[in-house]
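So the chains spell out like this:
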Amino acid sequence: MKYLKETPSQTAGPYVHIGLAPRAAGFDIFKQELGRDIAGPNAKGERIRVEGCVYDGTGAPIKDVLIEAWQANADGHYAHPEDGREIEDGFRGWGRVITDFDTGHWGFDTIKPGATPGRNGTTQAPHINLWIVARGINLGLNTRMYFSDEDNSTDPVLNLIEQSHRRQTLIATRSQGDKGVTYRFDIRIQGPDETVFLDI
Amino acid sequence: MKPAEYYMRDRLHHPPAKSENYKTSVTRSPQYALLSLENSLSEITGPVFSHSDIDPLDNDLLKNYSHGGDPIGERIIVHGRVLDENARPVPNTLVEIWQANAGGRYRHKKDTYLAPIDPNFGGCGRTMTDADGYYYFRTVKPGAYPWRNWVNNWRPAHIHFSIFGAAFAQRLITQLYFEGDPLIAKCPIVQTVPDAGAIEQLVAKLDMNASVPLDSIAYRFDIVLRGRRSTLFENRLEGN
């Protein structure tokens, strides 16, 4: 059996915005930029905002990050043929967000996902899958964001983390403000509070 | 056929997170081991795109930012197939590219290199693969440019590629280089890839048969995404 090898990754570099978010690079070229609306207008469930910052090993915010989010709808269904369960019209479940060039902060609006099927009959607590690329990141980093107001105690992925205190690095903190519900999720690439990254 | 897991990513074939000679990676590389997951529905699914997401001109960088003329530079066609590790085509998947202009300058507010912006060149494009996994772009060959790593590093001419595949587990960003470029061997970013054969996968080959006589020269660049198992005899994803 002859297999091919996956094409090796290379960093997205400092100018990733040109290709994936050209307006942020400073010009208008495509009729629509992709990934701006994760849930669409018809999505069921609680509207939320997710915000955070990505920090490097010195503790400085990384200001040229691009993050992609992939999530299920409020019923825990993914908008993908291999899920195949019902999904609202206009719900894609995928988004793309970049950091502010000056502060490194990022944020996106979506709906809170539902629990999804895990392996071997388990149930995964609600979560958003994240993929992080930037200059200096040679291969995109995968992680997951869980929700502080959910029961995460039986999640099969969180429970794989041997050092149980590190599970906290994957749990976003809920707050209620004037504009609605916000979850804060900071990502630390290095240091004692390094985020748990996943080899998926 | 029921959905199945993707083959384990061979991390020895990819650059390590920390590559001392690519300085920016030093503080942007996780220090702890990654947590290895077997695929669940969260990983074997991923965003689906269609032709309504893009415009037909999006893959023609000679025309998609035209302000009354064509960009300056060597006119090229970049084409190839997106395959998986089983050598099967990956159809209807989104491919996005971005690059510097022929002088090595990016249209980006953070790029201050002294080579000029080209008024007729945006530097980005996107397309969907067809049923055979085939894609093509028309553009100009990007120029090499200097960057601050060691004091006199130069990036070889390159085009950035973003590819989705059918699953979040297949998501990939990489760079295309051009056959014969002497800067490839000197570039700390290229050389983050530890295996010479793997680097060769990043080098597009001159393809005279696909060139358009008296118009454009062509380069061939096939992209391989992770493959997947075809049976579920063990380790079922779902069910009891």
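Residues numbered from 1 in each chain as written. Chains lettered and ligands numbered in written order. Predicted model: local features only at pLDDT ≥ 70, side-chain atom pairs only at ≥ 80, totals over all residues. Heavy atoms only, no water.

Asks: What's the story with the overall build of chain B in this structure? I'm lost.
Replies: For chain B, the count of helices and strands is two helices and twelve strands. In chain B, the succession of α and β elements from N to C terminus is β-α-β-β-β-β-β-β-β-β-α-β-β-β. For chain B, the spread of C-alpha atoms along the three principal axes comes to 60 × 40 × 35 Å. Buried positions account for 56% of the 240 residues belonging to chain B. The contacts of chain B with a sequence gap of at least 6 include a subset with a gap of at least 24, amounting to 71%. Entry remark: accessible area of chain B is about 10,300 Å², with carbon and sulfur atoms responsible for 55%. If you average the places of the 27 positive and of the 27 negative side-chain charges in chain B, the two averages end up 6 Å apart. (Helix = DSSP H or I, 4+ residues; strand = E, 2+ residues; numbered from the N terminus. Buried < 20%, exposed > 50% of the residue type's maximum accessible area, 1.4 Å probe, protein only. Contact = heavy atoms within 4.5 Å. Areas by Shrake-Rupley, 256 points an atom, 1.4 Å probe, with all protein chains shown as cover. Lys, Arg positive; Asp, Glu negative; His and termini not counted. Charge placed at Lys NZ, Arg CZ, Asp CG, Glu CD.)

Asks: It is not clear to me how the packing of aromatic side chains should be interpreted in this structure. Could you clarify?
Replies: The relative placement of two aromatic rings is captured by the distance of their centres and the angle of their planes. By the definition in use, this model includes 17 aromatic pairs over all chains. For the ring pair Tyr-3 of chain A and Tyr-7 of chain B, a centre distance of 5.8 Å and an interplane angle of 80 degrees mean the geometry is edge-to-face. Remark: Tyr-7 of chain B occurs in the segment before strand S1 (35-36) and Tyr-3 of chain A occurs in the segment before helix H1 (16-20); the pair is interchain, linking two chains. Tyr-3 of chain A sits in the partly exposed class, given a relative accessible area of 45%. Tyr-7 of chain B gets classed as partly exposed once you look at its relative accessible area, which sits at 24%. Ring plane angle 15 degrees and centroid distance 5.9 Å describe the contact between Trp-106 of chain A and Phe-108 of chain A, whose orientation is recorded as stacked. Here the aromatic cluster, defined as three or more aromatic residues joined through ring pairs, consists of Tyr-135, Phe-137, Phe-161 and Phe-221 of chain B. Taking the ring centre of Phe-30 of chain A as reference, the NZ or CZ of Arg-126 of chain B above it sits at 3.8 Å. One cation-aromatic arrangement involves Arg-171 of chain B over Phe-164 of chain B; the distance from NZ or CZ to the ring centre is 3.7 Å. (Phe/Tyr/Trp six-rings, centres within 6.5 Å; stacked < 30°, edge-to-face > 60°. Lys NZ or Arg CZ within 6 Å of the ring centre and 35° of its normal.)

Asks: Could you clarify how one ought to interpret the nonpolar core in this entry?
Replies: Buried together is how nonpolar side chains tend to be arranged in soluble globular proteins. Grouped together as the largest cluster of nonpolar side chains are 47 residues, with contacts concentrated most on Ile-18 of chain A together with Trp-98 of chain B. Counting only elements with at least two residues in this core, the list comes to H1, strand S2 (66-71) and strand S7 (127-133) of chain A together with helix H1 (41-44), strand S3 (94-99) and strand S4 (124-128) of chain B. Take this core: its biggest share by element is three residues, from H1 of chain A. Once residues lying within four places of it in the same chain are set aside, the contact partners of Ile-18 of chain A are Ala-25 and Phe-27 of chain A together with Trp-98, Tyr-106, Arg-107, His-108, Gly-122, Gly-123 and Cys-124 of chain B. One finds Ile-38, Val-50, Ile-137 and Phe-147 of chain A within the second-largest nonpolar core, a separate group that totals 26 residues. (Core = buried A, V, L, I, M, F, W, Y, C linked by side-chain atoms within 4.5 Å.)

Asks: How do you make sense of the pattern of salt bridges when you look at a structure like this?
Replies: Any two side chains of opposite charge can pair, given that their charged atoms come close. Tallied over the full model, the rule gives 36 salt bridges over all chains. Of the charged contacts in the structure, one is a salt bridge between Arg-49 of chain A and Glu-51 of chain A, with a shortest N-O distance of 2.8 Å. Classification of Arg-49 of chain A by relative accessible area gives partly exposed; the value is 27%. A relative accessible area of 27% places Glu-51 of chain A in the partly exposed class. A salt bridge links Lys-205 of chain B to Glu-200 of chain B; the shortest N-O distance between them is 3.2 Å. (Salt bridge = Lys/Arg side-chain N within 4 Å of Asp/Glu carboxyl O.)

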